[in-house]
Amino acid sequence: MRYGHAEITNAFAEITNAFAEITNAFAEITNAFAEITNAYAEITNAYAEITNTFAEITNAFAEITNEYAEITNAFAEITNEFAEITNAYAEVTKDR
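Let us look at the structure shown here. No experiment lies behind these values; they were computed from the predicted model shown.

1. Some thoughts on the overall build of the chain
Reasoning step 1: Regarding its fold elements, the chain presents one helix and zero strands.
Reasoning step 2: Computed over the C-alpha atoms, the radius of gyration of the chain is 41 Å, more than 25% above the 12 Å expected from 2.2 N^0.38 for a compact globule of 96 residues.
Reasoning step 3: C-alpha atoms of the chain, sized along the principal axes, occupy 140 × 15 × 10 Å.
Reasoning step 4: Carbon and sulfur atoms form 64% of the exposed surface of the chain, whose accessible area is close to 9100 Å².

Here it is, written out as structure tokens:
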């Protein structure tokens, strides 16, 4: 069976259209991957922000802890000074 010029042309047109559909499908898949990649980047950035915020909170807590230690040490020094004063007063007043 012989095919005419019009039939061959139509067959090539169908093949060309099929390739165009495949190309469009690949473009859609590529776009979907781009959206997934962008969403992953947003999630990664959000995670980085959370991690940085947690680090800031941790650092602030460390600073507060250090301040508390300094206050505690100052209180201990005051307590020791008070003990020395109390002991000195006891020494002065013990023979009275």
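That covers the picture; the talk isn't over yet.
2. A closer look at the environment of Val92
Reasoning step 1: Along the chain, Val92 falls in helix 1 (residues 5-93).
Reasoning step 2: Put simply, Val92 and Thr72 are 20 residues apart on the chain and 30 Å apart in space, counted from C-alpha to C-alpha.

3. Concerning a nonpolar patch on the surface
Reasoning step 1: A contiguous nonpolar patch, built from Ile8, Phe12, Ile15, Phe19, Ile22, Phe26, Ile29, Phe33 and Ile36 and spanning about 960 Å² of accessible area, is present on the exposed surface.
Reasoning step 2: Taking the relative accessible area as the measure of exposure, Phe12 reaches 54% and is therefore exposed.

Here is what the cut-offs are and how they apply
- Residues numbered from 1 in each chain as written.
- Predicted model: local features only at pLDDT ≥ 70, side-chain atom pairs only at ≥ 80, totals over all residues.
- Heavy atoms only, no water.
- Helix = DSSP H or I, 4+ residues; strand = E, 2+ residues; numbered from the N terminus.
- Rg over C-alpha atoms; globule rule 2.2 N^0.38 Å.
- Areas by Shrake-Rupley, 256 points an atom, 1.4 Å probe, with all protein chains shown as cover.
- Patch = residues over 30% accessible without salt bridge, like charges linked within 9 Å, V, L, I, M, F, W, Y side chains within 5 Å.
- Salt bridge = Lys/Arg side-chain N within 4 Å of Asp/Glu carboxyl O.
- Buried < 20%, exposed > 50% of the residue type's maximum accessible area, 1.4 Å probe, protein only.

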